[in-house]
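Fold and contact review
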Amino acid sequence: MKGIILAAGSGSRLYPASLPISKILLPVYDKPMIYYPITTLLLAGIKDILIITSPYDLDNFKRLLGDGTQLGVKFSYAIQEVPRGIADSFIIAKNYIGQDSVALILGDNIFHGFGFSSMLKEVAKRKKGATVFGYQVQDPDRFGVVEFDKNNNAISIEEKPKNPKSNYAITGLYFYDNKVVEYAKTLKPSFRGELEITDLNKIYLKKNDLSVEILGRGFAWLDTGTFESLLQAANFVQSMEVNTGMKIAAIEEVSYRMGNIASWELVQLAQKYKQNGYGKYLEKVAGNL
């Protein structure tokens, strides 16, 4: 399975902070925002990741992440010249996807919860259909909303409905079989001029090929697209890290724990940050302190 991080878009809701740099490179507490979606894909066992960004931010992403060799993974890059919607990612990435299945995560989405890696690995094993993740929210009218029947099977999806049929929003994490490229090509732009991910999910739903995994009370899902939610995410990460003594989404640690790099390689990576607590933490994880 391959992975895609959609890190394009203007990030206008975060202007002026995101005027000089992609919002996906803004810090969420002690690390760049993109570290969080990278971690989600790594926890699913995905080691081949395509980052789709704007032409203006490409060099910044490459400067931060390189080709992924240092983490034992592969990073590739592609350009979305004009924001044409989330589903446009699969058209841009059609050659990259090839004959594989694919997971897509939005660059401003943060997930955290016990047992998440096991859930992701099981979903990644599925050979057919699509899987999305539902999360209960107070303001479902801001999201794509999924409706369930009495057996908890998804029966409808609506984008930003005025009268939501449930409180379950579909998060910015999606797993698809290889048919996703074919389906994406059939989509027509919405009134916003975008290829909507909800329309893509509706195709799978109509074919009875859509599964919805519910993220319950033990999970946190944060969309960092506004100043308020960005601060909320930073406070959440800071609180969790201080209380537990463990980092959230330190991609060097995650790569080590997933078996992508050895302990001595983790120690080498830690040297880059030896002047602060991040580097000392990585050394501690590697057993070097």
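Located above this text is the structure these notes cover.
Note that the coordinates shown come from a computational prediction; the quantities given were computed from them, not determined experimentally. (Residues numbered from 1 in each chain as written. Predicted model: local features only at pLDDT ≥ 70, side-chain atom pairs only at ≥ 80, totals over all residues. Heavy atoms only, no water.)

**Some details on the pairing of strand β5 (residues 74-79)**
The criterion, for reference: Note on pairing: two strands pair once DSSP finds at least 2 bridges between them. Secondary structure counts use DSSP, requiring at least four H or I residues in a row for a helix and at least two E residues in a row for a strand, with both numbered from the N terminus. Crossovers are described as right-handed under a simple rule: with the strands pointing away from the observer, the path leading from the first strand over the helix to the second runs clockwise.
Pairing geometry for strand β4 (residues 48-53) and β5, over 6 bridges, is parallel. In the sheet register, Ile51 faces β5, and the bridge partner there is Tyr77. Taken together, β4, helix α2 (residues 58-65) and β5 constitute a β-α-β crossover, and its handedness is right-handed.

**Examining the environment of Tyr15**
Short version of the rule: Whether two residues are in contact is decided by their heavy atoms: any pair within 4.5 Å suffices.
Relative to the helices and strands, Tyr15 is located in the loop between β1 (2-6) and β2 (27-28). Among residues more than four places away in sequence, those in contact with Tyr15 are Ser10 and Phe227.

**Re helix α5 (residues 116-124)**
At 3.6 residues per turn, the α-helix brings residues three or four places apart onto the same side. Convention followed: Exposure is judged per residue with a 1.4 Å probe applied to protein chains only, and the accessible area is read against the type maximum: over 50% gives exposed, under 20% gives buried, and values in between give partly exposed. Each C-beta atom gives one direction from the helix axis, and the arc is the one those directions make.
Three or more residues of α5 are buried, namely Phe116, Ser117, Met119, Leu120, Val123 and Ala124. The arc that holds the buried residues of α5, viewed along the axis, is 160°, so those residues lie on one side. Taken together, the buried residues of α5 touch α1 (35-43), β7 (109-113), β8 (130-136), β11 (168-176), β12 (210-215) and β13 (219-223).

**Considering the environment of Leu41**
Mapping Leu41 onto the fold places it in helix α1. Leu41 sits 37 residues away from Ile4 along the chain, and the two C-alpha atoms are 8.5 Å apart. Filtering out sequence-adjacent residues up to four positions away, Leu41 remains in contact with Gly3, Ile4, Ile5, Ile46, Ile49, Ala103 and Ile105.

**A short note on the side chain of Glu196**
Quick note on the threshold: What qualifies as a polar contact is a pair of N or O atoms within 3.5 Å, subject to a donor-acceptor requirement within protein and to the restriction that residues adjacent in sequence count only when both atoms come from side chains.
With respect to the helices and strands, Glu196 occurs in the loop between α6 (180-185) and α7 (197-206). Looking at Glu196, its side chain comes within polar contact range of the side chain of Arg192, at 2.8 Å.

**Quick look at the pattern of salt bridges**
For clarity, the cut-off: Counted as salt bridges are all cases of a side-chain nitrogen of Lys or Arg within 4 Å of a carboxyl oxygen of Asp or Glu.
With the rule as written, the count across this model stands at 16 salt bridges. Across the pair Lys165 and Glu147 runs a salt bridge, and its minimum N-O distance is 4.0 Å. Taken together, the residues Lys165 in the loop between β10 (154-159) and β11 and Glu147 in strand β9 (residues 144-148) connect sequence positions 18 residues apart. For the salt bridge of Arg192 with Glu196, the shortest nitrogen-to-oxygen distance reads 2.8 Å.

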